Structure formats: structure tokens, C-alpha cells
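Structural description and commentary
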Amino acid sequence: QVQLVESGGGLVQAGGALRLSCAASGQTFSRYAMGWFRQAPGKEREFVAAIRRSGVSTFYADSVKGRFTISRDNAKNTVYLQMISLKPEDTAVYYCAAGNILVVVTREYEYDYWGQGTQVTVSS
């Protein structure tokens, strides 16, 4: 079992920045690839970013490329999502997820564990 707890969400003006954190506990964090997903009101949950176990390979949704950066610190059992140039359409609940074996990182069902989410609201 892996427990994931997100933090760092909040209210920010358009153009602003936030850094989300996801702290993991339980099994060895470095065994898992990590992902961030988000769900806006009335919409399905969507992929945002992912990072492989070693942290060398990262993946992004087209909508956030160049604005969001995913990183991990295996010594701290934490994955981060640095978000800059935020837009109102980035408003959503952001979830982190852990997957032991990820073939296609954008697929939700490949992730084994999920956090409870943190709200990000971007005002215009």
C-alpha cells in the first residue's frame, strides 16, 4: 500500500504560480512512477504530467507543456508539480497517483494508488 497526500493548492490570479506537492508513505517510493491528473467541475479527470521512477523521463499534456514541470525527490518521498503562467482553465482538483508498472502514463487505470486531491483555483 502507498498513501499519497497532496498539498499546495489554493487560489491564485491568472498568470500566477503554484507548486503542488505529493508526499508518499508506505512502500518504497522509488519503485513507483508518479503522475498528476486533474478534474474540473463537470468534466472528466484528465492527465496532466507523469514522471518515471528515476525521474529522467517526464511526460506532459499538451495543454500544460512549457508551463508545468513535474519533478520528484526520492529521498523525500515526494513528487512536485510546479505550475506557472496559470490560466482560469487550469482550475480543477489536482490528484497525484502512483503506478508500479506504467505502459502508457496517460491512462488512469494503470495507476495503483491515488491521493485525495487538492483544489487549484485560478481567477481571471
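Residues numbered from 1 in each chain as written. Predicted model: local features only at pLDDT ≥ 70, side-chain atom pairs only at ≥ 80, totals over all residues. Heavy atoms only, no water.

Digging into the sheet that holds strand S8 (residues 78–83)
- Taken together, four strands build an open sheet; the order of strands is S1-S3-S8-S7 and the sheet is antiparallel. Edge strands, defined here as strands with exactly one partner in the open sheet, are strand S1 (2–7) and strand S7 (68–73). The sheet shows a mean angle of 15° between the axes of neighbouring strands, direction not considered.
- Note: strand S3 (residues 18–26) against S8, six bridges, orientation antiparallel. (Pairing = 2+ DSSP bridges. Helix = DSSP H or I, 4+ residues; strand = E, 2+ residues; numbered from the N terminus. Axes fitted to C-alpha atoms, helices over the stretch in contact; angles between N-to-C directions.)

Comments concerning the side chain of aspartate 90
- Inspection of the secondary structure assignment puts aspartate 90 in the loop between S8 and strand S9 (92–99).
- Residue classification places aspartate 90 among the buried positions, given a relative accessible area of 0%.
- Within the structure, the side chain of aspartate 90 is placed 2.9 Å from the side chain of arginine 38, a separation counted as a polar contact.
- Within polar-contact distance, the side chain of aspartate 90 engages the side chain of arginine 67 at 2.7 Å. (Buried < 20%, exposed > 50% of the residue type's maximum accessible area, 1.4 Å probe, protein only. Polar contact = N/O pair within 3.5 Å; in protein donor to acceptor, adjacent residues only side chain to side chain.)

Examining the pairing of strand S5 (residues 46–51)
- Taking burial as the measure, the six residues of S5 include five buried ones, the bulk of the element.
- Direction of pairing for strand S4 (residues 33–39) relative to S5: antiparallel, over a ladder of five bridges. Bridge pairing in S5 links arginine 38 to glutamate 46.
- Across three bridges, the pairing between S5 and strand S6 (residues 58–60) is antiparallel. In the sheet register, alanine 50 faces S6, and the bridge partner there is phenylalanine 59.
- Between the antiparallel neighbours S5 and S6 lie six residues, among them glycine 55 with a positive phi of about 85°.

Considering the pairing of strand S11 (residues 118–123)
- The alternating pattern of S11 places Thr118, Val120 and Val122 on a buried face and Gln119, Thr121 and Ser123 on a face that is not buried.
- Sheet topology places strand S2 (residues 10–13) next to S11; four bridges connect them, and they run parallel. The residue bridging valine 12 from the neighbouring strand is valine 122, located in S11.
- One ladder, built from three bridges, connects S9 with S11; its direction is antiparallel. Bridging across to S11, valine 93 finds its partner in glutamine 119.

Purely geometric stuff here, so don't read any function into it on its own.
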